[in-house]
Amino acid sequence: MIRRKKYLVLILGVVFLGAGLLARWIAPSVSISVAEPRRMTYQDGVAAANWAYEGLALMSDAATGAPQARYSLSEQVLHRYSYDPPPDENSDPLVADFWVGLAPLSAYLATGDEKFLTAARHTADLLEDVLPETGLVPLYDFSTQVCIEEGRIMTGTNGQASILEYVSYLARIDADYRPLLGKLADGLCRYALQPETDLAWFQIQPATGAPVYSASFGFETQLGSQSVSCAQALLAAYNTDPDQERWLKTALRILQAIWQLRDPDTNLLAEVYDLEHQQPGTRLYPYQDFRYDDMGGVYLRGLTMAYQITGDPEIRAIAEPYMSALLQGTWDTGINGGAFRYLNTTHGEPAARLVETMHGLFIATLLKANDVFYAGANQEIIRACTAHAQHTIVDGFGLRNGMVPHQLGRDGRVVNASSDSQLAYAVLQFPLGYERLSQITENPAFRQASNQILSILLERHKIEAGQGQVPGYVNIVETQPPYGFEHDYARPEYLWQAFFLPAYLLYNSLHPSAEVTIGWDQDEAPGVFGLVCDMPYWNERQVFWQDGALHLAWVSGSGSLDMRDIGLRIREVTMDQQGYADYTEDVVHTQPGRHTYEIWFAD
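What counts and what doesn't
- Residues numbered from 1 in each chain as written.
- Predicted model: local features only at pLDDT ≥ 70, side-chain atom pairs only at ≥ 80, totals over all residues.
- Heavy atoms only, no water.
- Buried < 20%, exposed > 50% of the residue type's maximum accessible area, 1.4 Å probe, protein only.
- Helix = DSSP H or I, 4+ residues; strand = E, 2+ residues; numbered from the N terminus.
- Pairing = 2+ DSSP bridges.
- Axes fitted to C-alpha atoms, helices over the stretch in contact; angles between N-to-C directions.
- Parallel < 35°, antiparallel > 145°, perpendicular 65-115°, else oblique.
- Left-handed = near helix turned anticlockwise from the far one by under 90°.
- Contact = heavy atoms within 4.5 Å.
- Nonpolar A, V, L, I, M, F, W, Y, C, P; charged D, E, K, R; others polar.
- Salt bridge = Lys/Arg side-chain N within 4 Å of Asp/Glu carboxyl O.
- Polar contact = N/O pair within 3.5 Å; in protein donor to acceptor, adjacent residues only side chain to side chain.
- pLDDT = per-residue confidence, 0-100.
- Phe/Tyr/Trp six-rings, centres within 6.5 Å; stacked < 30°, edge-to-face > 60°.

## Considerations on the pairing of strand 23 (residues 543-546)
Working step 1: Only one face of strand 23 is buried: it carries V543 and W545, and the other face, with F544 and Q546, is open.
Working step 2: By the bridge criterion, four bridges tie strand 23 to strand 24 (residues 549-556) in an arrangement that is antiparallel. Paired with Q546 across the strands is A549, a residue of strand 24.
Working step 3: Between strand 23 and strand 24, which follow one another and run antiparallel, lie two residues, and D547 among them has a positive phi close to 55°.

## Here's the deal with the packing of helix 9 (residues 292-310) against helix 10 (residues 313-330)
Working step 1: Taken N-terminus to C-terminus, the directions of helix 9 and helix 10 make an angle of 155°; their axes are 10 Å apart at the nearest point. When the axis of helix 9 is compared with that of helix 10, the two are roughly antiparallel. Two packed elements cross with a definite hand, and for helix 9 against helix 10 that hand is left-handed. Touching Y292, M295, G296, Y299, L300, L303, A306 and Y307 of helix 9 are I315, R316, I318, A319, Y322, M323, L326 and T330, all from helix 10.
Working step 2: When the residues that make up the contact of helix 9 with helix 10 are grouped by side-chain class, the tally is 13 nonpolar, two polar and one charged.

## Re the pattern of salt bridges
Working step 1: This structure, assessed with the given rule, holds 20 salt bridges.
Working step 2: One salt bridge connects D174 with R121, and the closest N-O pair in it is separated by 3.1 Å. Of the two residues, D174 is situated in the loop between helix 5 (160-173) and helix 6 (178-192) and R121 in helix 4 (residues 114-130); the sequence distance between them amounts to 53 residues.
Working step 3: Each of R172, E540 and R541 takes part in salt bridges that share partners, so that together they form one network.

## Some words on helix 12 (residues 379-394)
Working step 1: With respect to burial, helix 12 is a largely interior element, 13 of its 16 residues being buried.
Working step 2: For helix 12, the side-chain oxygen to backbone nitrogen distance between the N-cap and E380 is 3.1 Å, and the N-cap itself is N378.
Working step 3: Directly after helix 12, the chain includes G396, whose backbone phi takes a positive value near 85°.

## Focus: the confidence of the model for the protein
Close inspection of predicted coordinates is inappropriate for parts of the model with low pLDDT.
Working step 1: Per-residue confidence for the protein gives a mean pLDDT of 84; residues scoring 70 or more make up 84%.
Working step 2: Low pLDDT (under 50) marks residues 1-35, which in the prediction has 125 contacts with non-local residues, meaning those over four places away or in another chain.

## Brief notes about unusual backbone geometry
Working step 1: Each neighbour pair has its own omega, and for Y285 with P286 the value is 5°, a cis peptide bond.
Working step 2: Counting through the fold element by element, P286 comes out in the loop between strand 9 (279-280) and strand 10 (289-291).
Working step 3: Going from P481 to P482, the amide bond is cis rather than trans, its omega being 10°.
Working step 4: In this fold, P482 is placed in the loop between strand 20 (476-477) and helix 16 (501-509).
Working step 5: Positive phi values are uncommon outside glycine, yet Q278 reaches one of about 55°.
Working step 6: Mapped onto the fold, Q278 is located in the loop between strand 8 (272-274) and strand 9.

## Things to note about the packing of helix 1 (residues 42-58) against helix 4
Working step 1: Where helix 1 contacts helix 4, the two axes come as close as 11 Å, and the packing angle between them is 40°. With respect to each other, helix 1 and helix 4 are oriented oblique. As helix 1 packs across helix 4, the resulting crossing turns out to be left-handed. Contact with helix 1, carried on its side by A49, N50, Y53 and L56, involves K115, F116 and A119 of helix 4 and no other residues of that element.
Working step 2: Of the residues that constitute the contact of helix 1 with helix 4, the class distribution is five nonpolar, one polar and one charged.

## Quick look at the packing of aromatic side chains
Working step 1: Taken as a whole and judged by the stated rule, the model has 21 aromatic pairs.
Working step 2: Plain terms: the ring middles of Y307 and F373 are 5.0 Å apart, the flat faces sit at 35° to each other, and that makes the pair tilted. Taken as a pair, Y307 in helix 9 and F373 in helix 11 (residues 359-374) lie far apart in primary sequence, 66 residues in all. The two residues Y307 and F373 agree in class, both being buried.
Working step 3: Between F430 and Y434, the ring centres sit 5.3 Å apart and the planes meet at 5°, which makes this aromatic pair stacked.

## Topic: the environment of D395
Working step 1: With respect to the helices, strands and loops of the structure, D395 is situated in the loop between helix 12 and strand 16 (407-409).
Working step 2: Taking relative accessible area as the criterion, D395 reaches 29% and is therefore assigned partly exposed.
Working step 3: Of note is the side chain of D395, whose polar atom sits 3.0 Å from the side chain of N336.
Working step 4: One polar contact links the side chain of D395 to the main-chain amide nitrogen of F397, over a distance of 3.1 Å.

Here's what the structure looks like:
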């Protein structure tokens, strides 16, 4: 493998920080009161990733990879897409955020465009050069070209685990990165976990691996974004290198250790745990409660991924009662007739009656788990997801000007001024839940609603190129005119998750009829889309672009495959590497049995 040492990285600080189930199916009907946008297609996702890539390239020095300037907004220019004058570049060191430079790997998997793979390789090359023997991701200062000794890194999301997960997929494409994968995975196993509990610290010191004590919350940690994230990353690493069984065993120990902390009466879990006092947390938000996007969806995704890889009956014995507990513990009939409540106590009661932006991914998580554990037959899960989508999005309850506010109360009002914002990184994931729901119910209303929201997202979050700024997207904008950036965040961030949009919209653009199945993850696990801040993935040997054609290596059933949302006209199709004529410019008619299809599109 030839590597050019142009390290492509970004500066970015990512901001992240019961009632019975409704038993009747609600027939969807679209009533969103916004102007009809143009159709969203896979090509829109490709264009968004290309736009983000332009900004990524501009923020990296061609020779050294060092960002050319620091880009953020001052209070004086909060409502203008302008960075004039640019902030003082010498105020803080320019530190590499490696997960940002690795994110284009997702766009490569969804497009086959080599420039995205090259970007990820450059970042991985730099990481390989500066990674210490501990295997912990360093804080690399471009101005001094040395690693900062003092500081802290996250163990999970946007830290060691996220980077390990990215490198796992890179090493599947190029085995030369397996040594880097091994060092990162072993570093996580050695330093990220508390030995007594098998739970992950919140933050660790990158030079020594020592856990970081916070004056604000001590040794409290969030189980989802830290412990589950570590387990999922180790599962991804093991899936790339199955000889390393210690990674698998560590991941399973983490998931099983979390289950031991559940409320014995409800099977629900507090999201924050105090590793110092061995009890649920009291100082780090959300304290002793749990949220459906974290200890709801994240833990269930980790369990689903572990079961796909192992078929372990002990994991299934956790996942099935946990799914039932989530449905009972988050369902609130008082939210517009019934919806998933965002913030909950471990007794299954409302900690606050809120609807949150992340529910698109939560729906996707439940529906994927239904496919894996119940072969899609759990009607309770389908009814709940259908009702939630109908009540919050399709009928317009959860929208403001076609956008999704950060948090709404059960009466549909914005909870407070700081909740009048759309979290772009969460909205990007809506296709995962709403496309799958449209497939299951054979009702396009859910997909149409999701597409409307995405269309507005790309319009309102986009930063145009200009003097003193780079092209791209911001994480958070207000949902009320004039749609400025959210005041309560330190700065609007460059939205690197735009590199994930081609994957989401590829999934959203392939519409099989009821008799047809596309094998996104057939014959090989895993096939669970990632955490809130991590990349979506599938078996890249089953659905991929190569030489200008979309290859579908596992399609079964006689019916139709509607591809009009790809955004290009079909010009040629082969089936099982032979010429094939049963298609139109938008639809491929599939044959009985299992076949491989290659589809070429007109420019």
